[in-house]
Amino acid sequence: MDAMVVTHLPDVRYLCGFTGANAALILTGGRAVLFTDGRYTAQAKAEAAGTKVVIAAKPAVVAACDWMAAAGVRRCGFDAANTTVAGLETMQKAVAAGASGVKARRGMFVALGPLVARMREVKDAEEIAKLRAAARVGCELFEGMLTFLEAGLTEAEVAATLEYAARLAGAEGMSFETIVASGVRSALPHGRATGAKLPKRGFVTLDFGVILDGYSSDMTRTVHMGKAMPGERDVYDSVLEAQEAAVAAVAPGVTAGEVDEAARNVLRRVKLDKYFSHSTGHGVGLEIHEGPRLAAKQKQVLEQGMVITIEPGVYMPGRFGLRIEDMVLVTAGGGEVLTPSVKAWIEL
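All values derive from a computational prediction rather than experimental measurement. (Residues numbered from 1 in each chain as written. Predicted model: local features only at pLDDT ≥ 70, side-chain atom pairs only at ≥ 80, totals over all residues. Heavy atoms only, no water.)

To continue, consider the packing of helix α3 (residues 60-71) against helix α4 (residues 85-97). Their axes nearest at 8 Å, the elements α3 and α4 cross at an angle of 40°. With respect to their mutual orientation, α3 and α4 come out oblique. Every pair of crossing elements has a handedness; the one defined by α3 and α4 is right-handed. Of the residues in α4, those touching α3 at V61, V62, C65, D66 and A69 are T90, M91, A94 and V95. For the contact of α3 with α4, a count of residues per class yields seven nonpolar, one polar and one charged. (Axes fitted to C-alpha atoms, helices over the stretch in contact; angles between N-to-C directions. Helix = DSSP H or I, 4+ residues; strand = E, 2+ residues; numbered from the N terminus. Parallel < 35°, antiparallel > 145°, perpendicular 65-115°, else oblique. Left-handed = near helix turned anticlockwise from the far one by under 90°. Contact = heavy atoms within 4.5 Å. Nonpolar A, V, L, I, M, F, W, Y, C, P; charged D, E, K, R; others polar.)

Okay, here's the thing in structure tokens:
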């Protein structure tokens, strides 16, 4: 390759520090050239240290292609996982317009694997510190919610209160739309907060995260309102055992599939595995969902410095559901939980 074009904004931020909403980054010949628009003149120059900044009057990716055509770039790699068909056509048309003829540039763009995404999977010390801080805020928010939750509040009120507290704690925003699922709705793995009221008796699942200095946290805790019905505590204890078994399986050299199996095996033993309907976890960093993916038969090997989630759950439609989730750092000695809030059974 003569060059690589990067347009996925989290990748741009990772490579050069720029946090704006319009950017194309060209890497070529030992140089990095960032293209953006006039809204970000001061911001780009302040954030993208060591990178040449070009303020363009046209779309950033078009300006980047014009620059490559003028520079004589003949083969340019792009991330196929984050480039749409329309985006590729835009780049092809831009370089064709800047060249002597369409044929001269037809084969210029070459699809590459997720090179930057793979780099991002292993965090450095600065990134780990940011993830620790974001996870700490999440734990503090959950502890605060324990004094707030009560029967009759709507799920939407709970989500709004949590998100307001997150802002007051310094969060730039939420990592994703806060999940509050209560009563029979707790059987929805991704039950968005609604006007449904928290029951006098039943589970409440809170799944949320905050963004702090660009990095996301992610955690889930499930509590029970009132006295448990027969069998509910047993299911909770089984999910907790599965979650802790998966955390204990985390170590460098272990495959993502082996961690998934550690959780699934516990639930299989008590005949609850059929109610566990999603993967065990995923990487987290500048994006809430990054590699690696912790799912059945995944062969990717965990590496020291990865930060992953461990989040098994059980969901019984028409009855109830629950999930327990931690962020876990892969260290030389195993897995370090970054979200150490209480996971033991809680009745409110």
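This brings us to α3. With 12 residues, α3 extends 16 Å from end C-alpha to end C-alpha; this agrees with the ideal 16 Å at 1.5 Å per step. Among the structural elements, β1 (3-6), β2 (24-28), β3 (31-36), β5 (76-79), α4 and β6 (109-112) are those in contact with the buried residues of α3. (Expected span 1.5 Å × (residues − 1).)

This next bit is on the nonpolar core. One finds V250, V259, I308 and I310 to be the most contacted residues of the largest nonpolar core, which totals 31 residues. Elements represented by at least two residues in this core include exactly α8 (232-249), α9 (256-269), β15 (307-310), β16 (313-316), β17 (320-323) and β18 (326-331). Broken down by element, the residue count for this core peaks at seven residues, all from α8. Every residue in contact with V250, bar those within four places of it in the chain, is listed here: V259, L302, I308, I310, V328, V330, G334 and G335. (Core = buried A, V, L, I, M, F, W, Y, C linked by side-chain atoms within 4.5 Å. Buried < 20%, exposed > 50% of the residue type's maximum accessible area, 1.4 Å probe, protein only.)

Looking at where E127 falls in the secondary structure, it is placed in helix α6 (residues 125-145). In this structure, E127 is buried with no salt-bridge partner, the nearest side chain bearing the opposite charge being K123 at 5.9 Å. In terms of polar contacts, E127 uses its side chain to reach the side chain of Y215, at 2.7 Å. (Lys, Arg positive; Asp, Glu negative; His and termini not counted. Salt bridge = Lys/Arg side-chain N within 4 Å of Asp/Glu carboxyl O. Polar contact = N/O pair within 3.5 Å; in protein donor to acceptor, adjacent residues only side chain to side chain.)

In this section: the sheet that holds strand β12 (residues 219-225). Within the open sheet, the three strands sit side by side as β8-β9-β12. Their pairing is antiparallel. The two strands at the open ends of the sheet, each matched to only one other strand, are β8 (179-182) and β12. Within this sheet the neighbouring strands show an average axis-to-axis angle of 15°, counted without direction. Note that β8 and strand β9 (residues 202-208) share four bridges and pair antiparallel. Residue pairing across strands places I179 opposite D207, the latter belonging to β9. With respect to the sheet, helix α7 (residues 155-168) is in contact with β8 and β9, its orientation differing from that of β8 by roughly 150°. (Pairing = 2+ DSSP bridges.)

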